[in-house]
Structures are given as structure tokens and as C-alpha cells.
Amino acid sequence: MTTQHEYVDGNRLAGPLADVFAVDITAASTSCIGCGRRSVVAQLHVYVVGEGYVARCPGCQDPVLRYARTSTGGVLDLRGTLSLQVPLPG
Amino acid sequence: MVRRLAWLAGRVVEARHETTTARTLVLEVPGWPGHLAGQHIDVRLTAEDGYRAMRSYSIATPSDGDRVAITVQRLPDGEVSPYLVDGVSVGDRLELRGPVGGWFVWEPSSRIPVLLVAGGSGSVPLIAMLRARIATGSTARFRLIYSARTLADVLHADELAAAPEGVGVDLVLTREESPSGRPAGRLRLDDLGRPRGPVDVYVCGPTGFVESAATMLVTLGYDEARIRTERFGGGGRP
């Protein structure tokens, strides 16, 4: 089990977020509401508890994105994200 | 059309120990769509009582039909890795989904020199990149700097010793002298060296190792925009 002291990074979100996004979201960039920093989702600091994920800004550590898988669905909370920029083929 | 990422059944067709604590499993996955070096799979185990545990493992091999290999390091208190290293047998089936992750990947069409920096079993996606370079006949210059505790902990050691021209491999051993004569010790600035021109850098390992290596790389003048990192957690390895 990954604890609060053992964050991983947003690369880990690739599988779980494929539940709700049609494109690979780890290559998308976010801007943090707390400090405005732009980060690639793959580089967010991610804390994992079971099938719950909290992705924090590597700059200010504010939560940018949260996702939890329950037995009946997925819950995505993007309150900490100002925008999500997704690279798409032209 | 939206392609939903489905859970697939992979059959173990080959299993071999790389070290006393790490094993490579080759899986045959009907319907596997192919992948890029650096991508991973999620493996899900379900107990008889319905309890599920999911872990993410880097793919160790370049795309090869419906075959996918992972190299798993056993964690002493792990929930999934002890089963994959010591429990599973050839013929068993594993539930998996993938390939996932489109950022920490190496594109074989790239000619830009590559620096790979591995901490422990963080070498797995990086060896997939090295193998992809060789399999595709790429001439991009590669250098792997691989930090491990001792020589006995180095994964795929024979293959690394036989690296072809254009591929440099430097071992950084933390608990004993390296074959090159480097004294035991953690990764240092002079192990990495300064960049000469653009270099795509991939760093993978435990979180502390990745943070420290990435800081050193930026200090040495590597372009932050060309440094891609993958962290798999505390001192432990997945």
C-alpha cells in the first residue's frame, strides 16, 4: 500500500483514468488553481489508497485531480484544475 | 469511435528468474494492440472472497505480436509481487489491461541521443527502450546509467554487458565497487556528466532516486523539457 509519504506520479493514472477518458490523459497538461503552475499529468505527485488517487501539484502540493473507482462507477474531481489541455492528432 | 480499455486475459508462456528476487513473465495476450517502449500494464488479482489488488508494471520488451513481458521485483511485504515472482506458473492466466501511458515513451523514429537513468527495477521500461532501439535498427546514441545496490541486483546483466555499438552502459553500485572501479555510493553529478547538445532523458526508479537524479540533471544543464520521469514510490519497488 502506498502511504502519504510514498507518492508516485501521474504515469500511474494512465490505466485508472482510461475508465473515464477516451484519450491518454497522462500526456495532457493541467494548470493548478492554487499556484497557476502548468504540469503534465504524468508529473503530478500521486498518492494512492486502494483504488483512490489524489494527484497534487508538484509546485504547491494543492490537489489538482482526484479519482476513485467504486464498485458501481468512477468519481472524478477536477476542482483543483483550471484547465486540462489534451494533445490530439491533427 | 471510442476504444474502451478492456481487461484482457494474459496466459503466462514463460517465466524466468533474473535475480533471486526478480522474475520475468512472458504473457501471451490475444488481441494485444501493440505498444511503445516505456508503456505499462495494470495487473489485477482477485482473491476468492472478491478482494482485488491492482498494480502497474512496465513492459520490458518492444512490441512483438501478442507477447508482452514484465519483470517484477519482489517486495518483502508486497501484496501482488510475491505472487508474481514466486507463485504464478507457466500456463496460469493473469487479468491485465494496457498498454497504458503515452508520455513516458520512446519513439523509435527519433534520432535525438538518449540518456536513460535507472534506479533499481526502474531499469525495466528503460531496457524496453534499449531493446526497441536494437529491434528497430535505430542509430540514435543511447547511454544507460543504472544504479543498483550490488552487481547481483542488476537486472538483464548479460544483455547489458553485450550492448551493441552506440549504446553505453554505466553501472553505479551503491553497496559495492562497480566493475569500472567506481567506489560504492549513490548517484553523483560526475556519474551523469554534462550534456553535449540536445538529449532526451528518461529517469525511472523509486521516488527519492528520481527526485535526486532529476535535480542533478537540471543542475548539469540538461533541458528540463526533455527530462521525462517515472516514480514508483518509496524505497520499495513494485
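A. A look at the overall build of chain A. Summing up its helical and strand segments, chain A has 1 helix and 8 strands in all. Reading the secondary structure of chain A in the N-to-C direction produces β-α-β-β-β-β-β-β-β. In summary, chain A has a C-alpha radius of gyration of 12 Å against a globular reference of 12 Å for 90 residues, a match within 12%. Projected onto the principal axes, the alpha-carbon positions of chain A cover approximately 35 × 30 × 20 Å. Of the contacts formed within chain A by residues at least 6 apart in sequence, a portion of 48% connects residues at least 24 apart. When the accessible area of chain A is evaluated, it comes to approximately 4,300 Å², of which 54% is carbon and sulfur surface.

B. Region of the structure containing the packing of aromatic side chains. All names here are of chain B. In this structure the tally under the stated criterion is 3 aromatic pairs over all chains. Summarising the aromatic geometry, the rings of Phe 104 and Tyr 202 are spaced 5.5 Å apart at their centres and angled 85° between planes, so their arrangement reads as edge-to-face. Residue Phe 104 is found in the loop between strand S6 (93-100) and strand S7 (114-119), and its partner Tyr 202 is found in strand S10 (residues 200-205); the two are separated by 98 residues along the sequence. Here Phe 104 matches Tyr 202 in class, with each residue buried. In this structure, Arg 44 packs its charged tip against the face of Trp 7, placed 4.0 Å from the ring centre.

C. Expanded view of the domain arrangement of chain B. Residues and elements named next belong to chain B. In terms of domains, chain B is made up of domain 1 (8-100) and domain 2 (114-231). Taken over C-alpha atoms, the centre of domain 1 sits 24 Å from the centre of domain 2. If you look at the interface, domain 1 gives 14 residues, while domain 2 gives 15 residues. Between domain 1 and domain 2, a total of about 1,100 Å² is buried, with carbon and sulfur atoms accounting for 64% of that surface. When the buried surface of domain 1 facing domain 2 is broken down by residue, Ala 37, Ala 60 and Pro 62 rank first, second and third, together holding 34% of it.

D. Representation of helix H5 (residues 207-219) of chain B in the model. The terminal C-alpha atoms of H5 of chain B, which comprises 13 residues, lie 18 Å apart, in line with the 18 Å expected from a rise of 1.5 Å per residue. What H5 of chain B keeps buried is the set Thr 207, Phe 209, Val 210, Ala 213, Ala 214, Met 216 and Leu 217 of chain B. Tucked into the core, H5 of chain B has its buried residues touching strand S1 (8-9) of chain A together with S7, strand S8 (142-148), helix H4 (189-192), S10 and strand S11 (227-231) of chain B. Following H5 of chain B by one or two positions, Gly 221 of chain B adopts a phi angle in the positive range, close to 100°.

E. Representation of a nonpolar patch on the surface. A cluster of nonpolar residues, Val 20, Leu 76 and Leu 78 of chain A, forms a patch on the protein surface that exposes about 190 Å² of accessible area. Among the secondary structure elements, Leu 76 of chain A is positioned in strand S7 (residues 74-77).

F. Summary view of the pairing of strand S4 (residues 52-58) of chain B. All names here are of chain B. Judged by how many residues are buried, S4 sits mostly within the fold: 5 of 7 residues are covered. Where strand S3 (residues 40-46) lies against S4, 7 bridges are found, and the strand directions are antiparallel. When the sheet's bridge partners are listed, Thr 46 is paired in S4 with Arg 52. Hairpin connection, S3 to S4: the antiparallel pair is bridged by 5 residues, and Gly 50 has positive phi, about 95°.

G. Main features of the interface of chain B and chain A. Residue-level contacts link 22 residues of chain B with 23 residues of chain A. Of the roughly 1,700 Å² buried at the junction of chain B and chain A (both faces included), carbon and sulfur atoms supply 50%. Looking at the side of chain B facing chain A, the largest losses of area belong to Arg 4, Trp 103 and Arg 231 of chain B, adding up to 30% of the total buried there. Our count for the chain B to chain A interface comes out at 2 salt bridges. Across the pair Arg 231 of chain B and Asp 9 of chain A runs a salt bridge, and its minimum N-O distance is 3.2 Å. Seen at the junction of chain B and chain A, the total is 10 residue pairs in polar contact (both at pLDDT 80 or more). Taken together, the elements giving at least two residues each to the side of chain B that touches chain A come down to S3, S4, S6, H5 and S11 of chain B.

H. Structural detail: the pattern of salt bridges. Taken as a whole and judged by the stated rule, the model has 19 salt bridges over all chains. Residue Glu 95 of chain B pairs with Arg 44 of chain B through a salt bridge whose shortest N-O separation is 2.8 Å. Residue Glu 95 of chain B is located in strand S6, and its partner Arg 44 of chain B is located in strand S3; the two are separated by 51 residues in the primary sequence. What makes Glu 95 of chain B partly exposed here is its relative accessible area of 27%. Glu 159 of chain B is the salt-bridge partner of Arg 131 of chain B, the closest N and O atoms lying 2.6 Å from each other. Taken as a pair, Arg 131 of chain B in helix H2 (residues 123-136) and Glu 159 of chain B in helix H3 (residues 157-161) lie far apart in primary sequence, 28 residues in all. By relative accessible area, Glu 159 of chain B is classed as partly exposed at 37%. Among the charged side chains, a salt-bridge network with shared partners connects Asp 19 and Arg 69 of chain A together with Asp 42 and Arg 97 of chain B.

About the criteria used
Residues numbered from 1 in each chain as written. Chains lettered and ligands numbered in written order. Predicted model: local features only at pLDDT ≥ 70, side-chain atom pairs only at ≥ 80, totals over all residues. Heavy atoms only, no water. Helix = DSSP H or I, 4+ residues; strand = E, 2+ residues; numbered from the N terminus. Rg over C-alpha atoms; globule rule 2.2 N^0.38 Å. Contact = heavy atoms within 4.5 Å. Areas by Shrake-Rupley, 256 points an atom, 1.4 Å probe, with all protein chains shown as cover. Phe/Tyr/Trp six-rings, centres within 6.5 Å; stacked < 30°, edge-to-face > 60°. Buried < 20%, exposed > 50% of the residue type's maximum accessible area, 1.4 Å probe, protein only. Lys NZ or Arg CZ within 6 Å of the ring centre and 35° of its normal. Domains from an automatic or database assignment. Buried area = accessible area lost by both parts, 1.4 Å probe. Expected span 1.5 Å × (residues − 1). Patch = residues over 30% accessible without salt bridge, like charges linked within 9 Å, V, L, I, M, F, W, Y side chains within 5 Å. Salt bridge = Lys/Arg side-chain N within 4 Å of Asp/Glu carboxyl O. Pairing = 2+ DSSP bridges. Polar contact = N/O pair within 3.5 Å; in protein donor to acceptor, adjacent residues only side chain to side chain.

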